[in-house]
Amino acid sequence: MTAVRAQRGALYAGNTRAVIHRGLLATRSTNYLVVFSGFFEPVFYLLSLGIGFGALVGTVQTSTGAEVSYAAYIAPALLAVSAMNGAVYDSTWNVFFKLNYAKLYQGMLTTSLGPLDVALGEILLALLRGAMYAVGFMVVMQVLGLNLAWTALLALPAVLVIAFGFASVGMAITSYFTTFQQVEWVTFIMLPMFLFSATFYPISVYPHVIQWVIQALPLWHGVELIRGVTTGALSPMLWVHLGYFGVMIAVGIVVATRRLRALFLR
Amino acid sequence: MPESVISATALTKTYGGVAAVDSIDFEVAPGESFGLLGPNGAGKSTTMRMVGAVSTRTSGDLTILGLDPEHHGPDIRSQLGVVPQQDNLDMDLRVRDNLLVYGRYFGLPRALVAERADALLEFAQLADRAKSKVDDLSGGMKRRLTIARALINEPRILLLDEPTTGLDPQARHILWDRLFRLKEQGTTLVLTTHYMDEAEQLCDRLVVVDKGRIMAEGSPAQLIREHSSREVLEVRFGSDRNAHVAEQIVGLGERIEVLPDRLLIYSANGEADLVALTERGLHPITSLVRRSSLEDVFLRLTGRSLIE
């Protein structure tokens, strides 16, 4: 029993807020132009494809059978992408730099902070960036009249869950990276995932095998989750999507914590 | 004798079968200034990391402030101040914020940390740079800020890994002065260095380590007494003649060492030996009698070959 408590004590000091405090203070010196470039990407997609291309398409049927305008069809997908982008940029590029160059975590772990404090704090900061992108995007959606049901309000907690999932896994994966090239690979994988995860058209156009692959990837679950609440088409499948992110969050935190411990407390 | 704050017995750390620290024993008393002296790769930093509770030992016993780092890492770390070999200041934060944020890592209340930060900026002679970017500080200033940061939790033991490596003489002297004040205030200092003058300035007691083992232990004066002569006579006859002359003066002093550029005669009385030398008709190009130093001890114990 004491051994278990000592073990937990070695991992967690209950001081995640100190890590978050540091992160927020450090943003004062960041380049906001770079930060916001990630936000504008899905907005530009929405304007060009949703409004422009959407005029040619007309309406689309969602996976739950509702007929919606093309812009209203892709907007929730892009909202999910927005949350993903913010969380992933922060938990890969920024974490990689802090891990390997700034030696930030190494310094933190010479104090009484535990690896779980550090991992959780950094993941929550990445989540925050994802949430900021997503909230900005939701405002754009509202202005353009693309939130079709009152349940669109539920998109707010939903994007937090999505950002949390991507941030956790992003940090866990980044903790294994040793070169910038490896970080590039994440970007390389994110592009096709962004394009093919029922973002711009239903996945029913693909053969079954491809559909399964897409349904195994996280973004599809995010897209379906958000599309369900913003179009008002709620189904029990939403629980599956939430469960998927629950697993991402848990696995990400556990792996990131273990890695920080293995890297700096061995 | 008061109970020691650090106690290591047969402390060992191996990496892939190679022993970086090979069964060393040492004790550090409260308020003592203890040095680990040794060439690069001797195992100094590895020892420091184990004492800092950020590296687990392979075998042996280690207690810090009466606790085993294996089980009480965070408890121990909350009472240590760590100055790593390379500054790892937070470059995204300004000078004073570095102290504030670091203090919060220890879970200390905001007001207390703010109060200590201002006092430490004074101590580190950085009060006028409180709002500067870390990047704009000189090497010596960064080092002082790192030390100030390590003191934010009012540690019982301050660990310094090569505190003045890479600093110019002025910056080193300022730093020594600050460390000496800490020592006067009763902070236990544990430092590694490969500078002999630093060890002589700061350490009450030191161990010379080489290849993961302790070669000698004692106060600087004690080590010189035990491992070297009182004085050293240095004479130069030209690089082609040194070895030849050495054969002619066998028996002079306690020990003779032939270096490519000079001869060292370890002796109780250097002047007398110099007279004896000239009486034999040998006239060195240059000669120098000096007191034996820690450097002589160090080189005797760890050898003169280049370690890389």
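These numbers come from a predicted model, not from an experiment.

1. Regarding the overall build of chain B
Part 1 of the reasoning: For chain B, the helix and strand inventory stands at eleven helices and 13 strands.
Part 2 of the reasoning: In terms of overall dimensions, chain B has C-alpha extents of about 75 × 45 × 40 Å along its principal axes.
Part 3 of the reasoning: Looking at the 308 residues of chain B, the share that counts as buried comes to 44%.

2. A short note on the interface of chain A and chain B
Part 1 of the reasoning: With 26 residues of chain A at the interface, the matching set in chain B holds 22 residues.
Part 2 of the reasoning: Going through the elements one at a time, α1 (2-11), α2 (16-26) and α5 (104-108) of chain A are the ones with two or more residues in the side of chain A that touches chain B.
Part 3 of the reasoning: No other element matches α2 of chain A, which puts five residues into the side of chain A that touches chain B.
Part 4 of the reasoning: When its residues are assigned to classes, the side of chain A that touches chain B shows 13 nonpolar, ten polar and three charged.

3. Observations concerning the sheet that holds strand β11 (residues 255-258) of chain B
Residues and elements named next belong to chain B.
Part 1 of the reasoning: Taken in spatial order, the four strands make up an open sheet running β11-β12-β10-β13, and their pairing is antiparallel. Only two strands of the sheet have a single neighbouring strand rather than two, namely β11 and β13 (286-291). Sheet twist, expressed as the mean angle between neighbouring strand axes with direction ignored, is 20 degrees.
Part 2 of the reasoning: Of the strand pairs in this sheet, strand β10 (residues 231-236) and β13 are connected by six bridges, and their pairing is antiparallel. Looking at β13, one finds that Glu234 is bridged to Leu288.
Part 3 of the reasoning: Where helix α10 (residues 270-279) meets the sheet, it contacts β10, β12 (263-267) and β13, and its direction lies at approximately 35 degrees from that of β10.

4. A short note on the packing of helix α3 (residues 32-57) of chain A against helix α6 (residues 115-143) of chain A
Residues and elements named next belong to chain A.
Part 1 of the reasoning: It is at 9 Å that the axes of α3 and α6 come closest, and there the two elements cross at 30 degrees. One element, α3, and the other, α6, form an angle in the roughly parallel class. Crossing of α3 against α6: the hand is right-handed. Contact with α3, carried on its side by Gly38, Phe39, Pro42, Val43 and Leu46, involves Tyr133, Gly136, Phe137 and Val140 of α6 and no other residues of that element.
Part 2 of the reasoning: Along the lines of polarity and charge, the residues of the contact of α3 with α6 split into seven nonpolar, two polar and no charged.

5. Some remarks on the nonpolar core
The nonpolar side chains of soluble globular proteins are, as a tendency, buried together.
Part 1 of the reasoning: Residues Leu79, Ala80, Ala83, Ile162 and Ala163 of chain A together with Leu159 of chain B are the most contacted members of the largest nonpolar core, which totals 146 residues.
Part 2 of the reasoning: If you tally residues by element for this core, the top one is helix α4 (residues 70-100) of chain A, at 19 residues.
Part 3 of the reasoning: Residues in contact with Ile162 of chain A, not counting those within four places in the same chain, are Ala80, Ala83, Met84, Gly222 and Phe245 of chain A.
Part 4 of the reasoning: Core analysis: the next-biggest nonpolar cluster, separate from the first, contains ten residues, Leu233, Leu252, Ile265 and Leu277 of chain B among them.

6. So, the confidence of the model for chain A
Fine structural detail should not be taken from predicted coordinates in areas where pLDDT scores are low.
All names here are of chain A.
Part 1 of the reasoning: Here chain A averages 91 in pLDDT, while 96% of its residues score no lower than 70.
Part 2 of the reasoning: Taken element by element, chain A is modelled with least confidence in α1, mean pLDDT 59, and with most confidence in helix α11 (residues 237-264), mean pLDDT 97.
Part 3 of the reasoning: Low pLDDT, under 50, characterises residues 1-5; the predicted model gives this stretch zero contacts beyond four residues in sequence or across chains.

7. What about the UniProt feature "transmembrane region" (unreviewed entry) in chain A?
All names here are of chain A.
Part 1 of the reasoning: Here, the residues flagged by UniProt with the feature "transmembrane region" (unreviewed entry) are residues 32-58, 70-97, 118-144, 150-173, 185-203 and 238-257.
Part 2 of the reasoning: Summarising residues 32-58: 96% helix, 0% strand, and an end-to-end C-alpha distance of 37 Å.
Part 3 of the reasoning: Along residues 118-144, the helical share is 96% and the strand share 0%, with 39 Å between the first and last C-alpha atoms.

8. Re the packing of α2 of chain A against helix α3 (residues 95-105) of chain B
Part 1 of the reasoning: Relative to each other, α2 of chain A and α3 of chain B sit at 160 degrees, their axes nearing to 8 Å. By the criterion of interaxial angle, the relationship of α2 of chain A to α3 of chain B is roughly antiparallel. Note that α2 of chain A runs across α3 of chain B; the crossing there is left-handed. Across the interface between the two elements, Ala18, His21, Arg22 and Leu25 of chain A of α2 of chain A pack against Asp97, Val101, Arg104 and Tyr105 of chain B of α3 of chain B.
Part 2 of the reasoning: When grouped by side-chain class, the residues that make up the contact of α2 of chain A with α3 of chain B number four nonpolar, one polar and three charged.

9. Focus on the pairing of strand β6 (residues 157-161) of chain B
A regular strand places its side chains so that they alternate between the two faces of the sheet.
All names here are of chain B.
Part 1 of the reasoning: In terms of burial, β6 is largely enclosed, as five of its five residues are buried.
Part 2 of the reasoning: Side chains Ile157, Leu159 and Asp161 of β6 all project onto a buried face; the interleaved residues Leu158 and Leu160 project onto the opposite face, where all are buried too.
Part 3 of the reasoning: Taken together, the four bridges between strand β5 (residues 80-83) and β6 define a ladder with parallel strand orientation. When the bridges of β6 are listed, Val83 appears paired with Leu160.

Calculation criteria
- The numbers attached to residues start from 1 for each chain and follow its sequence in the written order.
- Whichever chain is written first becomes A and whichever ligand is written first becomes 1, with later ones labelled in order.
- Only residues with pLDDT of 70 or above have their local features reported here, since the model is predicted, and side-chain atom pairs are shown and tallied only from 80 upward, although totals for entire chains, interfaces and linings are computed over all residues.
- Numbering goes from the N terminus for both helices and strands, where a helix is a DSSP run of H or I of at least four residues and a strand is a run of E of at least two.
- Partly exposed residues are those falling between the two cut-offs: more than 12 but fewer than 20 other C-beta atoms within 10 Å of their own, whereas 20 or more means buried and 12 or fewer means exposed, with C-beta atoms placed from the backbone.
- Two residues qualify as being in contact provided that their C-beta atoms, derived from the backbone, are within 7 Å of each other.
- Think of it as three bins: nonpolar holds Ala, Val, Leu, Ile, Met, Phe, Trp, Tyr, Cys and Pro, charged holds Asp, Glu, Lys and Arg, and polar takes everything else, Gly as well.
- Strand pairing follows a simple DSSP-based rule, namely that at least 2 bridges must link the two strands.
- All axes are obtained by fitting lines to C-alpha atoms, using only the stretch in contact for helices, and the reported angles, taken between N-to-C directions, cover 0 to 180 degrees.
- Roughly parallel covers angles under 35 degrees, roughly antiparallel covers those over 145, roughly perpendicular covers 65 to 115, and oblique covers all other angles.
- Put simply, a crossing is left-handed when the front helix is turned counterclockwise from the back one by less than a right angle, and right-handed when it is turned clockwise.
- We define the nonpolar core as any set of buried residues of the types Ala, Val, Leu, Ile, Met, Phe, Trp, Tyr and Cys, connected via C-beta atoms lying within 7 Å of each other.
- Residue-level confidence of the predictor, termed pLDDT, takes values from 0 up to 100.
- UniProt positions are given in the numbering used here, feature names are shortened, and annotations may be inferred rather than shown by experiment.

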